[in-house]
Amino acid sequence: MAAMTTSKKRKRELDDTQRVSFVLSEQPATQLGPVLAKPVMPRPPANFPSIKPTKSTSFRCYKTHTKKPTTDNEEMPFVEIPMLIAGETEAVDFYSSEETRRAALGNRYLVGVHNKRTGITTLRAAPLHILTHEVKALKGLQPAAVSTLQRLEARAALGETFGTKKAKLAIRAQERNKVDVSAMEGVADHLQESILKNTSTLPSKEEAKANADSTRLVPRYDIDALNPSDIYPVHHIIPKPEWKALSISPYTSASAGAERVALLPFKRSNWINDHLALAFASSSPNKTTIKMLMYISAMIAFHKATFRDINKDVIQQKLSMVPSVVIDGLLSRFTETARGSTEPRKTSEKATMLLTHMFALCLHVDDFATDTSVLASDLSMEPAKVNMLFKFLGCKINKLTPSDLKRLGLPDSAGDVKRAILKTPLEFPKPRVRRRM
């Protein structure tokens, strides 16, 4: 067996003439001097992303704008000079694009010239230019207008060629749902007559609004009222027979606030107790305000007593200090009797009517700016639901302005609390329109 021989190639050692070294150009940065031995202007490197010009195409540099130097003798370095490169052939124009400045941000480019004799590569900083082109024959042509139908057809063609299976199914489904307008020409008049006939019985916008206003779960109101006190008159909330049955003599004869609170049908309302104390703090208490507070207390007691079952005897026992005519009025207006039954029941609509009547009276007592948070606590309800019912009455839930604070005689600290404010003209909340997804 022949012995195997291995041969090793000798590495060729480089002599000093074959070594390459890099040096920076010694020319001033502001000088447009030569890089080669021949004195020629250095050409900035350019990038042609699409069509490349021929080698014989000449380009020129144009300065766009120059920053003012800090001193008279100081000049701008060549690499920082804002310039434009432009050249042309018989058919195409080349010029620097807007991408030039953005492409050069954060980068630095160098042009090197290698001297084979000395083995030295001289580097010089140079700007970068990205060139775009424009065909001369197309300069005066305007793009053809494309209709929406043409865009849809082109998009469908692309989808049929390159789209996924799901996209193709969607395109075919859209084509099946297209309406052939030419086929509808013969029946257009018949359809129009049928639509007019079927819509003739529909209410107008004004009639629909009037019908909606008439079915609102609020007290009887005056939409044209010029004063907030006239929007919901007191006797539209409290009938005159019930108003006359309310007697304030026990309250005026009481010697202390605790005795007056003990006379109320509902004694655990901070809102009523505070307003009752405020009313009797005056030398001449307002009788109308006291009667409204008595009626509001009776309404809260009635609301609590009819929370589950309605039993007239139990209600009269719990509201023993309320006149019977008031209890009968509350039962007749805020309960319903089912067909074939004699037992009254409290529906959600009647419960809402009771609360809106109560809140309308609260607005009268508070000069039409009510703190809803205290009422929500007294009624064991969420403040958002109480605010919603006040909005049903046409109130806005906002903070009081400085003029409102002055008018109501409230301190500046009261401006931090949002209140239900009723103003004219009366505006009810508009129904929300759901957006189609």
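Residues numbered from 1 in each chain as written. Predicted model: local features only at pLDDT ≥ 70, side-chain atom pairs only at ≥ 80, totals over all residues. Heavy atoms only, no water.

**Digging into the packing of aromatic side chains**
Spelled out, the test is: Two rings from Phe, Tyr or Trp (for Trp, the six-membered ring) form a pair when their centres sit within 6.5 Å of each other. Planes less than 30 degrees apart are called stacked, planes more than 60 degrees apart edge-to-face, and all others tilted. To qualify as a helix, a DSSP run of H or I must reach at least 4 residues; to qualify as a strand, a run of E must reach at least 2; elements of each kind are numbered from the N terminus. Exposure is judged per residue with a 1.4 Å probe applied to protein chains only, and the accessible area is read against the type maximum: over 50% gives exposed, under 20% gives buried, and values in between give partly exposed.
Inspection of the entire model under this criterion finds three aromatic pairs. Ring plane angle 65 degrees and centroid distance 6.4 Å describe the contact between Y221 and Y232, whose orientation is recorded as edge-to-face. One end of the pair, Y221, is in the loop between helix 6 (205-214) and helix 7 (228-231); the other, Y232, is in the loop between helix 7 and helix 8 (234-237), with eleven residues separating them in the sequence. Among the residues examined, Y232 registers a relative accessible area of 1% and is labelled buried. Judged by centre distance (5.0 Å) and plane angle (70 degrees), the rings of Y221 and F428 are edge-to-face. Here F428 lies in the segment after strand 13 (418-421) and Y221 lies in the loop between helix 6 and helix 7, a separation of 207 residues in the sequence. On the basis of relative accessible area, F428 is assigned to the buried category, the value being 13%. Members of the aromatic cluster, each reached through a chain of ring pairs, are Y221, Y232 and F428.

**Description of the packing of helix 12 (residues 270-280) against helix 13 (residues 287-305)**
How two helices sit against one another is set out by the angle between their axes and by the gap between those axes. Using the following cut-off: All axes here are fitted lines through C-alpha atoms, helices being fitted over the stretch that makes contact, and every angle between N-to-C directions spans 0 to 180 degrees. For this classification, under 35 degrees means roughly parallel, over 145 means roughly antiparallel, 65 to 115 means roughly perpendicular, and everything else is oblique. We call a crossing left-handed when the near helix sits turned anticlockwise from the far one by less than a right angle, and right-handed when that turn is clockwise. Here, residues are in contact when the closest pair of their heavy atoms is within 4.5 Å. Under the convention adopted here, Pro, Cys and the residues Ala, Val, Leu, Ile, Met, Phe, Trp and Tyr are nonpolar, Asp, Glu, Lys and Arg are charged, and Gly plus all remaining residues are polar.
Relative orientation of the contacting elements helix 12 and helix 13 amounts to 165 degrees, with a least axis distance of 10 Å. Judged by the inter-axis angle, helix 12 sits roughly antiparallel to helix 13. In this structure, helix 12 meets helix 13 at a crossing whose hand is left-handed. Here helix 12 contributes W271, I272, H275, L276, A279 and F280 to the contact with helix 13, which in turn contributes I290, L293, I296, S297 and I300. Considering only residue class, the contact of helix 12 with helix 13 consists of nine nonpolar, two polar and no charged.

**Digging into the sheet that holds strand 11 (residues 369-370)**
The criterion, for reference: Two strands qualify as a pair provided that DSSP identifies no fewer than 2 bridges between them.
The antiparallel open sheet is built from three strands, whose spatial order is 11-13-12. Edge positions in the sheet fall to strand 11 and strand 12 (396-399), since each has one partner strand and no second. Pairing between strand 12 and strand 13: four bridges, direction antiparallel. Its bridge partner lying in strand 13, K396 is registered against I421.

**Observations regarding helix 18 (residues 383-392)**
To keep things clear, this is the line we draw: The arc in question is the one spanned by the directions pointing from the helix axis to the C-beta atoms.
Taken as a whole, helix 18 has its buried residues at V386, N387, L389 and F390. Each buried residue of helix 18 lies within a common arc of 160 degrees when the element is viewed along its axis, so the set occupies one face. G394 occupies a position one or two residues after helix 18 and carries a positive phi of about 100 degrees.

**Notes on a nonpolar patch on the surface**
Short version of the rule: Exposure above 30% relative accessible area and the lack of any salt bridge qualify a residue for a patch; like charges then connect within 9 Å, and the nonpolar side chains Val, Leu, Ile, Met, Phe, Trp and Tyr within 5 Å. Where accessible areas are quoted, they stem from the Shrake-Rupley method and a 1.4 Å probe; at the residue level, only the protein chains shown are allowed to cover. Put simply, a salt bridge is a Lys or Arg side-chain nitrogen that is within 4 Å of an Asp or Glu carboxyl oxygen.
A cluster of nonpolar side chains, Y62, L84 and Y95, forms an exposed patch at the surface whose accessible area comes to about 250 Å². Inspection of the secondary structure puts L84 in strand 4 (residues 83-88).

**Some thoughts on the nonpolar core**
Selection criterion: Among buried residues, those of type Ala, Val, Leu, Ile, Met, Phe, Trp, Tyr and Cys that are joined through side-chain atoms within 4.5 Å constitute a nonpolar core.
In this structure, Y232, I296, F359, L361 and F390 are the most contacted members of the largest nonpolar core, which totals 64 residues. Those elements that place two or more of their residues in this core are helix 8, helix 12, helix 13, helix 15 (324-334), helix 16 (348-365), helix 17 (372-379) and helix 18. It is helix 13 that provides the largest number of residues to this core, a total of twelve residues. The contacts of F390, once residues within four sequence positions are left out, are F359, L363, T370, T372, L375, C395, I397 and A420. In terms of nonpolar packing, the next biggest core, distinct from the first, is built from six residues, A369, L405, L408 and I421 among them.

**A few points about unusual backbone geometry**
The omega angle of the peptide bond from T424 to P425 is -5 degrees, so this bond is cis rather than trans. Note on placement: P425 falls in the segment after strand 13. A positive phi is found at D367, a non-glycine position, where the angle reads about 55 degrees. As for its position among the elements, D367 is in the loop between helix 16 and strand 11.

**Things to note about the side chain of T352**
Tracing the backbone through its elements, the reader meets T352 in helix 16. Contacts of T352, omitting those with residues within four sequence positions, involve L217 and L389.

**Re the pattern of salt bridges**
Considering all chains together, one arrives at nine salt bridges under this definition. Of the charged contacts in the structure, one is a salt bridge between D404 and K423, with a shortest N-O distance of 4.0 Å. With a gap of 19 residues between them, D404 in helix 19 (residues 402-408) and K423 in the segment after strand 13 connect regions that are remote in the sequence. A network of salt bridges, in which partner residues are shared, links E88, D93, K136 and K139.

**Description of a positive patch on the surface**
Under the convention used in this document: A residue counts as positive if it is Lys or Arg and as negative if it is Asp or Glu; His and the chain ends are not included. A single reference atom marks each charge: NZ on Lys, CZ on Arg, CG on Asp, CD on Glu.
A cluster of basic residues, K205, K391, K396, K399, K418 and K430, forms a positive patch at the surface. Along the chain, the position of K205 falls in helix 6.

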